[in-house]
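# Per-entry structural report
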2 protein chains.
Amino acid sequence: MTALEAIFQRRCYRGKYKPVPVPREHLKIILEAGLAAPSGCNLQTTSLIAVDDPALLNQLQALSHSPAVKTAPALLFVLTRRVIAYEDKCFAVQDYAAAIENMLLALTELGYRSCWYEGHVTGPNRLGYRMAQLLSVPDEYELVCMLPVGVAEDAVPAPEKKPFEKRACFNGFSL
Amino acid sequence: MTALEAIFQRRCYRGKYKPVPVPREHLKIILEAGLAAPSGCNLQTTSLIAVDDPALLNQLQALSHSPAVKTAPALLFVLTRRVIAYEDKCFAVQDYAAAIENMLLALTELGYRSCWYEGHVTGPNRLGYRMAQLLSVPDEYELVCMLPVGVAEDAVPAPEKKPFEKRACFNGFSL
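Scope of this entry: the structure provided in the associated data block.

## Topic: the overall build of chain A
- Of the regular secondary structure elements, chain A holds seven helices and four strands.
- Going residue by residue from the N terminus, the α and β elements of chain A occur as α-α-β-α-α-β-α-α-α-β-β.
- Here the C-alpha radius of gyration of chain A, 17 Å, is about what a compact globule of 175 residues would show, namely 16 Å.
- Its C-alpha atoms give chain A principal-axis dimensions of about 55 × 45 × 35 Å.
- The burial tally for chain A puts 49% of its 175 residues in the buried class.
- Within chain A, contacts between residues at least 6 apart in sequence are counted, and of these 78% link residues at least 24 apart.

Structure follows, in structure tokens:
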């Protein structure tokens, strides 16, 4: 699968996963893809945890009502440190978003599906905080995103998108 | 080039570009790749402008001292609208960062190099604001990033990165 094919075939999948394990070597490649993303001033503010241990998975899955999270054979967690990179600027969000996109493309190429769970994790019910406790994440790291990984049980529809001409233009603003 | 190859071969390039044009069809593919990125609640907060018109390029390049920007045969600009997506959350930064990473991978596959110019653009000298004026960008859009695109004149060294074990782990935090 070319990079462009992965970019255009990536989807957000919120359904159930097949009970097919994700081999550890695939998880490692996905994590490496995430770490290969650029970061502001090369500060590498993003760290990652993959979970495939069944007992730990069960504990984490018990905290969520999402069919995707509950049935995923592996979960990836994205941690950040919100440090200043340049003058008064922190690029931690940009850094982890680029890392997440890399992981989504890598897992698409490997035949898996996922979904970017961020609002669900950092919302008022503090799901991310409770998951971070189960994962023994120290206070200086913030758990900001969870990515289930697995083979989708159902078809994955494409989202409705605005047409190209409403979002992109050449040689000056004309949207 | 597979998605994983593009992910691992992408580099930040700050040197000069060869005087080789980037065909309009390549620019369009790169923009489409950016727009294919996910966005929080599918709000599609990211918009894009590509510039390949020589007169407009000259005006924009006159505002920067970067050898990459000054010699690039095309410049891409990333615009955002910081709207609330979910409860009190705005995912505009995540949205445009994922779009930028997609574009960086797409242009890598097409044989080009780029660099994520964000701090340079949104810094205190208001370069992004002045570029947005040249591009007739309305006030409700914020210009947050510029990506030069072209064929690199020089070799592109890999950045120094922390080892995998310092940034990623399995089944609990152990960094």
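Back to the write-up after that little detour.
## Brief notes about the nonpolar core
- Ranked by internal contacts, the top residues of the largest apolar core, which has 122 residues, are A:Phe77, B:Leu76, B:Phe77 and B:Ile100.
- Once residues within four sequence positions are removed from consideration, A:Phe77 is found in contact with A:Leu48, A:Ile49, A:Met131, A:Leu135, A:Leu143 and A:Met146.

## A closer look at helix α2 (residues 24-35) of chain B
- An ideal rise of 1.5 Å per residue puts 16 Å on 12 residues; α2(B) measures up with 16 Å between its terminal C-alpha atoms.
- The secondary structure elements touched by the buried residues of α2(B) are α1 (3-9) and β4 (168-170) of chain A together with β1 (46-51), β2 (74-80), α5 (92-109) and β3 (142-149) of chain B.

## Topic: the interface of chain B and chain A
- Taken together, the contact between chain B and chain A spans 61 residues of the former and 59 residues of the latter.
- Those elements that place two or more of their residues in the side of chain B that touches chain A are α1 (3-9), α2, β1, α5 and β4 (168-170) of chain B.
- When residues in the side of chain B that touches chain A are grouped by element, the largest group, 10 residues, is from α5(B).
- Residues belonging to the side of chain B that touches chain A are distributed by class as follows: 38 nonpolar, 12 polar and 11 charged.

## What about unusual backbone geometry?
- Positive phi is not limited to glycine here, since A:Ser136 has a value of about 55 degrees.
- When you line up the elements, A:Ser136 lands in the loop between α7 (127-134) and β3 (142-149).
- Non-glycine residue B:Asn42 carries a positive phi angle of around 55 degrees.
- Looking at the element boundaries, B:Asn42 is found in the loop between α2 and β1.

## Topic: the sheet that holds β2(B)
- Ordered by their spatial adjacency, four strands build an open sheet running β4(A)-β1(B)-β2(B)-β3(B), and the pairing between neighbours is mixed. In this open sheet, the two edge strands, each paired with only one partner strand, are β4 of chain A together with β3 of chain B. Averaged over all pairs of adjacent strands, the angle between their axes in this sheet comes to 20 degrees, without regard to strand direction.
- The strands that α2(B) touches are β4 of chain A together with β1, β2 and β3 of chain B; relative to β1(B), the one it contacts most, it runs at about 170 degrees.

## Notes on the environment of A:Cys115
Residues and elements named next belong to chain A.
- Looking at the element boundaries, Cys-115 is found in the loop between α5 (92-109) and α6 (119-122).
- Exposure remark for Cys-115: the 22 C-beta atoms within 10 Å place this residue in the buried category.
- Leaving out residues up to four positions away in the same chain, Cys-115 has contacts with Cys-12, Tyr-13, Arg-14, Ala-68 and Pro-148.

Analysis parameters
- Residues numbered from 1 in each chain as written.
- Chains lettered and ligands numbered in written order.
- Predicted model: local features only at pLDDT ≥ 70, side-chain atom pairs only at ≥ 80, totals over all residues.
- Helix = DSSP H or I, 4+ residues; strand = E, 2+ residues; numbered from the N terminus.
- Rg over C-alpha atoms; globule rule 2.2 N^0.38 Å.
- Buried ≥ 20, exposed ≤ 12 C-beta atoms within 10 Å, placed from the backbone.
- Contact = placed C-beta atoms within 7 Å.
- Core = buried A, V, L, I, M, F, W, Y, C linked by C-beta atoms within 7 Å.
- Expected span 1.5 Å × (residues − 1).
- Nonpolar A, V, L, I, M, F, W, Y, C, P; charged D, E, K, R; others polar.
- Pairing = 2+ DSSP bridges.
- Axes fitted to C-alpha atoms, helices over the stretch in contact; angles between N-to-C directions.

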